[in-house]
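# Fold and contact review
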Amino acid sequence: MGKSQRDKGARAEREFAKLTNGKRVPLSGAMEGYGNDVIAYGLEFEVKRRKSGFKQLYDWINDPRENPDAVALRTDGKQWIVCMTLEKFDKLMKERGK
């Protein structure tokens, strides 16, 4: 991984940590024992950022006709994944007292 990619990833981790009042994990992914990127809401997050790699997912989440709270998706033979906007997730966590 090049320096610009590492820097972009670190910026995304700092941004997400700030938005969630979380804490960035130092050396995440760089050394054994430092796995995920951010700890927030009592959960460990792996932070990913792409220029346009999640376009279809954003289209589903922002569909004005459906207006979903979340999108559940699964590839054959894999476990389910649930995605939602950070705004909705934050509200859910606050309502649950996390």
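As a convention, each chain's residues are numbered from 1 in the sequence order in which they are written. The predicted nature of this model means local features are confined to residues of pLDDT at least 70 and side-chain atom pairs, given and counted, to a pLDDT of 80 or more, with totals for whole chains, interfaces and linings taken over all residues. Hydrogens are left out, water is left out, and the side-chain values use all remaining heavy atoms of the structure.

## Topic: the nonpolar core
Put simply, the test is: To form a nonpolar core, buried Ala, Val, Leu, Ile, Met, Phe, Trp, Tyr and Cys residues must be joined to one another through side-chain atoms within 4.5 Å. Each residue is placed in one exposure class: buried if its accessible area under a 1.4 Å probe, protein chains only, is under 20% of its type's maximum, exposed if it is over 50%, and partly exposed if it falls in between. A run of DSSP states H or I qualifies as a helix once it reaches four residues; a run of E qualifies as a strand once it reaches two. Both are numbered from the N-terminal end.
Core analysis: the largest hydrophobic core is formed by 10 residues, namely A12, F16, A17, V38, A40, Y41, F45, V47, F89 and M93. Contributions of two or more residues to this core are made by α1 (3-19), β2 (38-40) and α3 (86-95).

## Some remarks on unusual backbone geometry
Backbone geometry at N21 places phi at a positive 55°, although glycine is not the residue there. Examined against the element boundaries, N21 turns out to sit in the loop between α1 and β1 (23-24). One non-glycine residue with positive phi stands out, namely N67, at about 50°. Tracing the sequence through the fold places N67 in the loop between α2 (55-61) and β4 (71-73).

## Examining the packing of aromatic side chains
Selection criterion: Here a pair means two rings of Phe, Tyr or Trp (six-membered ring of Trp) with centres within 6.5 Å. Their orientation is stacked below 30 degrees between planes, edge-to-face above 60, and tilted elsewhere.
The tally for this structure, following the rule as stated, stands at 3 aromatic pairs. Arranged with centres 5.3 Å apart and planes meeting at 90°, the rings of Y41 and F89 form a pair that is edge-to-face. Of this pair, Y41 sits in the loop between β2 and β3 (43-45) while F89 sits in helix α3, and the two are 48 residues apart along the sequence. In terms of burial, Y41 and F89 fall into one category: buried. Relative to F89, the ring of F45 has its centre 6.0 Å away and its plane inclined at 90°; by these criteria the two rings are edge-to-face.

## Examining the sheet that holds β3
Test applied: Paired strands, in this sense, are two strands between which DSSP finds at least two bridges.
Spatial ordering of the open sheet is given by β1-β2-β3, a layout of 3 strands whose pairing is antiparallel. Each having just a single partner strand, β1 and β3 make up the two edges of the open sheet. Where β2 and β3 come together, 3 bridges link them in antiparallel fashion. Pairing of V38 across the sheet is with F45, part of β3.

Function cannot be read off these values alone, since they describe shape.
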